[in-house]
There are 6 protein chains.
Amino acid sequence: MFYHSGKLQYQVRVDRPDPQFAKYLQQAIGGVEGEIRVAMQYFFQAMGARGDSKYRDMLMMTATEELSHIEFLGHAVALNLEGAPLTVQEDAARDPIVHAIMGGADPRHILSSGLSAMPVDSNGIPFDMSHVYASGNLAADMMANAMAEGSGRVLASRLYNMTDDAGMKDMLSFLIARDTMHQQQWLAVIEELGGMQAVLPIPNSTPTEHEATEHSYYFLNTSLDEPTPEGRWTSGPSLDGRAEFTVR
Amino acid sequence: MFYHSGKLQYQVRVDRPDPQFAKYLQQAIGGVEGEIRVAMQYFFQAMGARGDSKYRDMLMMTATEELSHIEFLGHAVALNLEGAPLTVQEDAARDPIVHAIMGGADPRHILSSGLSAMPVDSNGIPFDMSHVYASGNLAADMMANAMAEGSGRVLASRLYNMTDDAGMKDMLSFLIARDTMHQQQWLAVIEELGGMQAVLPIPNSTPTEHEATEHSYYFLNTSLDEPTPEGRWTSGPSLDGRAEFTVR
Amino acid sequence: MFYHSGKLQYQVRVDRPDPQFAKYLQQAIGGVEGEIRVAMQYFFQAMGARGDSKYRDMLMMTATEELSHIEFLGHAVALNLEGAPLTVQEDAARDPIVHAIMGGADPRHILSSGLSAMPVDSNGIPFDMSHVYASGNLAADMMANAMAEGSGRVLASRLYNMTDDAGMKDMLSFLIARDTMHQQQWLAVIEELGGMQAVLPIPNSTPTEHEATEHSYYFLNTSLDEPTPEGRWTSGPSLDGRAEFTVR
Amino acid sequence: MFYHSGKLQYQVRVDRPDPQFAKYLQQAIGGVEGEIRVAMQYFFQAMGARGDSKYRDMLMMTATEELSHIEFLGHAVALNLEGAPLTVQEDAARDPIVHAIMGGADPRHILSSGLSAMPVDSNGIPFDMSHVYASGNLAADMMANAMAEGSGRVLASRLYNMTDDAGMKDMLSFLIARDTMHQQQWLAVIEELGGMQAVLPIPNSTPTEHEATEHSYYFLNTSLDEPTPEGRWTSGPSLDGRAEFTVR
Amino acid sequence: MFYHSGKLQYQVRVDRPDPQFAKYLQQAIGGVEGEIRVAMQYFFQAMGARGDSKYRDMLMMTATEELSHIEFLGHAVALNLEGAPLTVQEDAARDPIVHAIMGGADPRHILSSGLSAMPVDSNGIPFDMSHVYASGNLAADMMANAMAEGSGRVLASRLYNMTDDAGMKDMLSFLIARDTMHQQQWLAVIEELGGMQAVLPIPNSTPTEHEATEHSYYFLNTSLDEPTPEGRWTSGPSLDGRAEFTVR
Amino acid sequence: MFYHSGKLQYQVRVDRPDPQFAKYLQQAIGGVEGEIRVAMQYFFQAMGARGDSKYRDMLMMTATEELSHIEFLGHAVALNLEGAPLTVQEDAARDPIVHAIMGGADPRHILSSGLSAMPVDSNGIPFDMSHVYASGNLAADMMANAMAEGSGRVLASRLYNMTDDAGMKDMLSFLIARDTMHQQQWLAVIEELGGMQAVLPIPNSTPTEHEATEHSYYFLNTSLDEPTPEGRWTSGPSLDGRAEFTVR
Ligand SMILES: [Ca+2]
Ligand SMILES: [Ca+2]
Ligand SMILES: [Ca+2]
Ligand SMILES: [Ca+2]
Ligand SMILES: [Ca+2]
Ligand SMILES: [Ca+2]
């Protein structure tokens, strides 16, 4: 069961409201790299977790934290929308700055939400829950989580560069930090399962006789005119330690 | 900020697992009448709430409760999927009962989720956040919330009839009860705002000079051959108390 | 069966075309607050209406009117797109006004529709029919309709403020007026059903023994540190007249 | 402006209700081959039609007819759902026939719509308006319309085969007939524009100097090992009469 | 099986990068008129093609070509994004040109893709595969393909006008040319099947006794006040040669 | 540029057609775990790849292979649909086996596709391209790819168990094998970049001063009553080697 505290996990401030940055921030709320995604992904994984309860607990605890990230980002969007123009006057309509502000803003922040955050991305596209990846396989799900946090930290780092508002930079530096931790905690589960080599190939419970293993360890060059790109994947022991990589 | 307790708000039990009912229950999780919708709707309304903080608090408290509804429904789905067939044998494939069970189940419960709940409806369609209605107008949002709870209680009542599992019936009777309360609490806000007559027409802040009031109080019969359906809406004082209803 | 007249329900004029306002108007056509939604919602409710035929007729008549709203809004969008630039010259590309106009316009109005309305919202997102709420329960559906008209009138009022074109303001004042009526006519059905108290809780046909009524009348404070927001929902008789509100 | 008559365009009857066929019929309402699509496509094309008003009128008249097709199909769905089981008893749950009926039905017909049609396809997926094709180019739009009616008639013909209900077969034979006409009327517009050769390539207003015509008339064989499939497209005059087809 | 060559089908160049035009070009990649659509449509039609293998081969060959169109358009988007601003300085934020550029760009090109193409349209909406039309009926599918190429050439022609970059105009003239061919090759299949008259009505395999032919050849005037728009569709032999057109 | 060979990468055979398994297989084509997703993901990553060209080549080569996986899976679906009933007779309609087969099949395989594969998942939901993850950050994208292949192999392994058709088992064992390789090749790129420790946190180019590093290395226990789940993530050196894990 969930509970709520009136205190935000991170206290947001915005020095100079910017409706266009409000739109950008929406990507961190309702984008595929955003907080709704991870909150719901960890929540559904937790509900489906069978086996050792510590993974279920860990998932639920971080799901809960991500809900708090949605919350303070919602405040950040609302603060950036303070002072956005809600009426239009004739001369303003000819002012390129006003036109540009409105052109760069999400029209639904003005028309639909009353200057508040929405569960949408930076193009106004609502988040859809097909992006909640929860397979019931622990290793597969940990990879999905590490991936989600990687994309989240890429996004937060880019948002950091797209604002010169000190308050926003502070908030984003907090999100960047938490993404650092979250990436590692999911990969740490894989370490506990024996490390990447031990869990590969995911799922490692598939019986060998269900696999045409003669096709399991070659890189396939499907190019007509490019040489095989040589690398760790073309020779040497496979990462799962079961064979040697080759090329076809 | 959010917190979590290991205790479910409602302790679920399933007497006889039923994969088809697991699929039906998905409507209460990821359908438009479901718990993700209300949890997120109240959450985003709370984040956007300006003015008297008691409405914001009320919204956030109930958003938090709805998250707990998702949680125990997720358990209910998983319990109903216990024992679903994960392998197929030749003779089973010719057994109409097995065929029927599988035909009536959501294939992704077996293929994608590892016998766990997903954020989808009873046809497997992922919830999309466009259904989170939050306009920033308090009366409009309270109507949206009462509507959501009405549709939720209709759904829970129908699900109650579609199972003969005592555990499931108990759980649904709890959900039905909470929907009873939630419907009323949002309508109670409208009472506090002066009652339905006072808030109509929503939004009641629109200046009269922005409205072509000569078109505001007639029912328009667009039928070529049906008489006007007479009722409270065709004569007598308008519900907002500003005029008389007429017909065109 | 439907018929059409060549006369618009409202004769639109635009004094100064504005591609950006054309984009804004799309919200009133293909947004969740828009006319496609209500037209289709009332249409499907009408088709599903069993019982007293007057409600079916009323639904179909207003569905038909809403189709006419789509129609004149479509004209309004096309008129606002008159004169939008369809070719780009080098110097224009460096003109901030031109850049701003194009930045604020929906690119698909130029690329995809030939300067005409599309069934999309102000972010270009196509309307999807999951927003057609039609449960078969009359009271639930009337709430859904009143809600839709509330959000529609909020939108029209905001659009009114976002233009200084007299023609557009006139048209919006007509839409605001019809939304006033439509809100009330659906709520008037609830009055005919005995008033809000009589229809609560929706659906009022659920047998009491299907409800864990000990959970039906308390507001749940899920906050760890906020006091219960006191109001009409925390004490006094419940709105359905069956119990007293309490708090947990 | 639209009007409605209480008389259906086609009077539906169902001899033996079948919830599974109700689900199949949904494809003809809310599928991409269905009636909502053509109704909305012709409607939006009509609103965008500039030039000779007869095409606009023709589009609007047929849009209006398609709305009537939605209407009687909606009745057909409701009639097929008469008698669908709304409660489950223990022994029934073990009856393969009951299981099969429920497995083959759309659960939302029972849970969400109150045994009525929904604007969804036969998998319960809501229609989305991105399928409304309206480019503003008359020839392109006529092709889109002929295509839509072709797919619609394919669907109606398949539905005809999937039922043995005489009432349903009658209704489908009516839809098949109207699709016959509609296909031809859009292609007849192309004849009026000078015939297929004259309108090709669509749009025929593109200046020749905007086209790298040396790439306009060869079929490109991108296969490594298959011979070029010889046909009308590999040699002889091009359909637009401007060049000879070749192969590369 | 597919293979790839390192050589682009068309060698793209961009003389002056333009992030706003990058956004416009997305329509040609991930819009309903774009290359992903035709690539996947021909691919799935090819996989479903039964009967004469030459149509299957033709479909697969052109599907393969369309994949190459996606590829060079992807390069075009990336080249147009070269030099887009990835950081914001305070003074820049007040420069209307910078504001306009950013307002007119797709924010996800900066935030999500690292200045690369995405499988989305010009409003950032991801392509969804419901637009892959493949019915298994050859004539219906050829019409769908001709339609898709018609809308594609309309789009490419409009994009041509919306840029003054010589490199982009060259690339678009190539796409316009290939659309010219592709339109005709699908219509040429219909010629091989006996011509349009022979394939009508699609599907021409529907037995006559499945059709209420008394409804197959009249144009229905559903207008209350407009005269029937006279044309090729109101009198004279039907296009399928089976009857005379009339009007009701 | 792409090319095609008439030879399938894997020669499919089906011993006993099964329309229900055809529906299950759709998950491997158009599901989020399926082949369209990886084909398009690697394709778009390749187009966006800057820097060392070997990664671009590798991505494009495997994208091309995945297209071939779509192709033979498409054949597998079509073969499983051979013999599906396309007409209904009265007595059959009462046969539970027939009912079950139809209940368990995708109705659109019969109504829409002509017994062919569609770009949809096992619930008939069209694939949408928002699942193409391509951030432009190499490490983030490699994680996304390893994740996709992990979920793909989980799916293929489950499908293997859900059929007793020897042909299908053979085909799935091939897919399982290729997923084994693909997982490892993307992780091998990370090894080349210095190993997981070196690339963490993703993106490792974010300047330290953009990160509130005091929040980067603690696991946050948000539970009110559960002890912190102890593990590799609660103490010891962080996986990126920069700090020690702690708990709050
Ligand atoms: Ca986070
Ligand atoms: Ca609830
Ligand atoms: Ca209206
Ligand atoms: Ca029709
Ligand atoms: Ca093309
Ligand atoms: Ca694969």
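Residues numbered from 1 in each chain as written. Chains lettered and ligands numbered in written order. Predicted model: local features only at pLDDT ≥ 70, side-chain atom pairs only at ≥ 80, totals over all residues. Heavy atoms only, no water.

## Quick word on the pattern of salt bridges
The full count for this structure, using the stated rule, is 54 salt bridges over all chains. One salt bridge connects Glu211(B) with Arg153(C), and the closest N-O pair in it is separated by 2.6 Å. Within this pair, whereas Glu211(B) is found in the loop between helix H8 (196-199) and strand E2 (218-219), its partner Arg153(C) is found in helix H6 (residues 138-161), the two belonging to separate chains. Its relative accessible area of 8% is what places Glu211(B) among the buried residues. In this structure, the salt-bridge partner of Arg232(D) is Glu191(E), at a minimum N-O distance of 3.1 Å. With one member in each of two chains, Arg232(D) in the loop between strand E2 (218-219) and strand E3 (246-247) and Glu191(E) in helix H7 (residues 166-192) form a pair that bridges those chains. Take Arg232(D): its relative accessible area is 21%, and that puts it in the partly exposed class. Judged by its relative accessible area of 42%, Glu191(E) falls in the partly exposed class. (Salt bridge = Lys/Arg side-chain N within 4 Å of Asp/Glu carboxyl O. Helix = DSSP H or I, 4+ residues; strand = E, 2+ residues; numbered from the N terminus. Buried < 20%, exposed > 50% of the residue type's maximum accessible area, 1.4 Å probe, protein only.)

## A few points about the relation of the copies chain F and chain E
Relative to chain E, chain F is turned by 180° and slid 0.0 Å along the rotation axis, the superposed coordinates differing by an RMSD of 0.0 Å. Such a combination of turn and shift is consistent with a two-fold rotation axis. Residue Asp128(F) of chain F places its C-alpha closer to the rotation axis than any other residue of that unit, at 2.1 Å. Here 100% of the contact residues of chain F are again contact residues in chain E; the copies associate through an equivalent surface. (Least-squares fit on C-alpha atoms with pLDDT ≥ 70 in both. Contact = heavy atoms within 4.5 Å.)

## Some details on the coordination of the calcium ion (ligand 3)
Geometry sets the ideal angles at a metal, namely 109.5 degrees for four tetrahedral donors and 90 or 180 degrees for six octahedral donors. All names here are of chain C. The calcium ion (ligand 3) binds to the protein through Glu35 (OE), Glu35 (OE), Glu66 (OE) and His69 (ND1), with metal-donor distances spanning 2.3 to 2.8 Å. Ordering the donors of the calcium ion (ligand 3) by residue number gives the pattern E-x30-E-x2-H. Of this pair, Glu66 and His69 both sit in helix H3 (residues 53-81), 3 residues apart, which is roughly one turn of the helix. (Donors = N, O, S within 2.8 Å, 3.2 Å for Na, K, Ca; no water.)

## Some thoughts on the coordination of the calcium ion (ligand 5)
Residues and elements named next belong to chain E. Coordination of the calcium ion (ligand 5) by the protein involves Glu35 (OE), Glu35 (OE), Glu66 (OE) and His69 (ND1), with metal-donor separations of 2.2 to 2.8 Å. Going along the chain, you hit the donors of the calcium ion (ligand 5) in the pattern E-x30-E-x2-H. Residue Glu35 is found in helix H2 (residues 35-48), and its partner Glu66 is found in helix H3 (residues 53-81); the two are separated by 31 residues along the sequence. No difference in accessibility class separates Glu35 from Glu66, as the two residues are buried.

## Brief notes about the interface of chain F and chain E
Listed as interface residues are 42 residues of chain F and, on the opposing side, 42 residues of chain E. Our enumeration of links across chain F and chain E arrives at 2 salt bridges. Between Glu82(E) and Arg50(F) there is a salt bridge; the shortest N-O distance is 3.5 Å. If you look at where chain F meets chain E, you find 21 residue pairs in polar contact (both at pLDDT 80 or more). The set of elements that each furnish at least two residues to the side of chain F that touches chain E consists of strand E1 (2-4), helix H2 (35-48) and helix H3 (53-81) of chain F. Broken down by element, the side of chain F that touches chain E gets its largest block of residues, 8 residues, from H3(F). When strand E1 (residues 2-4) of chain E meets E1(F), the two strands line up antiparallel, connected through 3 bridges. (Polar contact = N/O pair within 3.5 Å; in protein donor to acceptor, adjacent residues only side chain to side chain. Pairing = 2+ DSSP bridges.)

## Remarks on the domain arrangement of chain A
Split by domain assignment, chain A resolves into domain 1 (19-196) and domain 2 (206-248). Here the C-alpha centre of domain 2 of chain A lies 37 Å away from the C-alpha centre of domain 1 of chain A. (Domains from an automatic or database assignment.)

## As for the packing of helix H6 (residues 138-161) of chain B against helix H7 (residues 166-192) of chain B
Residues and elements named next belong to chain B. The geometry of H6 relative to H7 is characterised by a closest axis approach of 8 Å and an angle of 160° between their N-to-C directions. Here H6 lies roughly antiparallel to H7, going by the angle between them. Here the hand of the crossing between H6 and H7 comes out left-handed. Taken together, the residues that form the contact of H6 with H7 break down as 14 nonpolar, 9 polar and 4 charged. (Axes fitted to C-alpha atoms, helices over the stretch in contact; angles between N-to-C directions. Parallel < 35°, antiparallel > 145°, perpendicular 65-115°, else oblique. Left-handed = near helix turned anticlockwise from the far one by under 90°. Nonpolar A, V, L, I, M, F, W, Y, C, P; charged D, E, K, R; others polar.)

## Some remarks on the environment of Phe174(E)
For Phe174(E), the position within the fold is in helix H7. You can call Phe174(E) buried: its relative accessible area is 3%. With 164 residues separating them in the primary sequence, Phe174(E) and Tyr10(E) have C-alpha atoms 7.9 Å apart. Setting aside anything within four residues of it in sequence, one finds Phe174(E) in contact with Ala212(D), His215(D), Tyr218(D), Gln9(E), Tyr10(E), His69(E) and Phe72(E).

## Section: unusual backbone geometry
All names here are of chain A. Between Leu200 and Pro201 the backbone carries a cis peptide bond, its omega angle lying at -15°. Structurally, the position occupied by Pro201 is in the loop between helix H8 (196-199) and strand E2 (218-219). The phi torsion at Leu115 lies on the positive side, around 65°, for a residue other than glycine. On the basis of relative accessibility, which here comes to 12%, the residue Leu115 falls in the buried class.

## Concerning the interface of chain F and chain A
Counting residues at the interface gives 79 residues for chain F and 79 residues for chain A. Buried area between chain F and chain A, summed over both chains or domains, comes out near 6500 Å², and the portion from carbon and sulfur atoms is 66%. When residues of chain F are sorted by the area they lose upon contact with chain A, Met61(F), Gln184(F) and Trp233(F) head the list and together hold 11% of the total. In this structure, the connection of chain F to chain A is made through 4 salt bridges. There are 42 residue pairs in polar contact (both at pLDDT 80 or more) connecting chain F and chain A. (Buried area = accessible area lost by both parts, 1.4 Å probe.)

## Let's talk about the relation of the copies chain F and chain A
Laying chain F over chain A is done by rotating through 180° and shifting 0.0 Å along the axis; what remains is an RMSD of 0.0 Å. Of the residues that chain F buries at the interface, 100% are likewise interface residues in chain A, meaning the two copies contact each other through the same surface.

## Topic: the packing of aromatic side chains
Taken as a whole, this structure holds 51 aromatic pairs over all chains when the rule is applied. For the ring pair Tyr42(B) and Trp186(B), a centre distance of 4.6 Å and an interplane angle of 55° mean the geometry is tilted. Taken together, the positions of Tyr42(B) in helix H2 (residues 35-48) and Trp186(B) in helix H7 put the pair 144 residues apart, joining distant regions of the chain. In this structure, Tyr42(B) and Trp186(B) share a single accessibility class: buried. Judged by centre distance (5.6 Å) and plane angle (50°), the ring pair of Tyr10(E) and Phe72(E) falls under tilted. A residue pair is termed long-range when its members are at least 10 positions apart, and Tyr10(E) in the loop between E1 and helix H1 (19-30) and Phe72(E) in helix H3 qualify at 62 residues. A single burial state applies to Tyr10(E) and to Phe72(E), both of which are buried. In this structure, Arg248(A) packs its charged tip against the face of Tyr218(A), placed 4.1 Å from the ring centre. The ring of Tyr218(B) carries the charged tip of Arg178(C) above its face, separated from the ring centre by 4.2 Å. (Phe/Tyr/Trp six-rings, centres within 6.5 Å; stacked < 30°, edge-to-face > 60°. Lys NZ or Arg CZ within 6 Å of the ring centre and 35° of its normal.)

## Digging into the side chain of Ser68(A)
Tracing the backbone through its elements, the reader meets Ser68(A) in helix H3 (residues 53-81). Since its relative accessible area comes to 0%, Ser68(A) is described here as buried. Residues in contact with Ser68(A), not counting those within four places in the same chain, are Gln9(A), Met1(B) and Phe2(B).

## What about the packing of H3(C) against helix H2 (residues 35-48) of chain D?
Put simply, H3(C) and H2(D) touch, their axes get as near as 9 Å, and they point 35° apart. As for the relative orientation of H3(C) and H2(D), their crossing is right-handed in sense. The segment H3(C) lies against H2(D), with Leu67(C), Ile70(C), Glu71(C) and Gly74(C) engaging Met40(D), Phe43(D), Phe44(D) and Met47(D). A class-by-class count of the residues in the contact of H3(C) with H2(D) yields 6 nonpolar, 1 polar and 1 charged.

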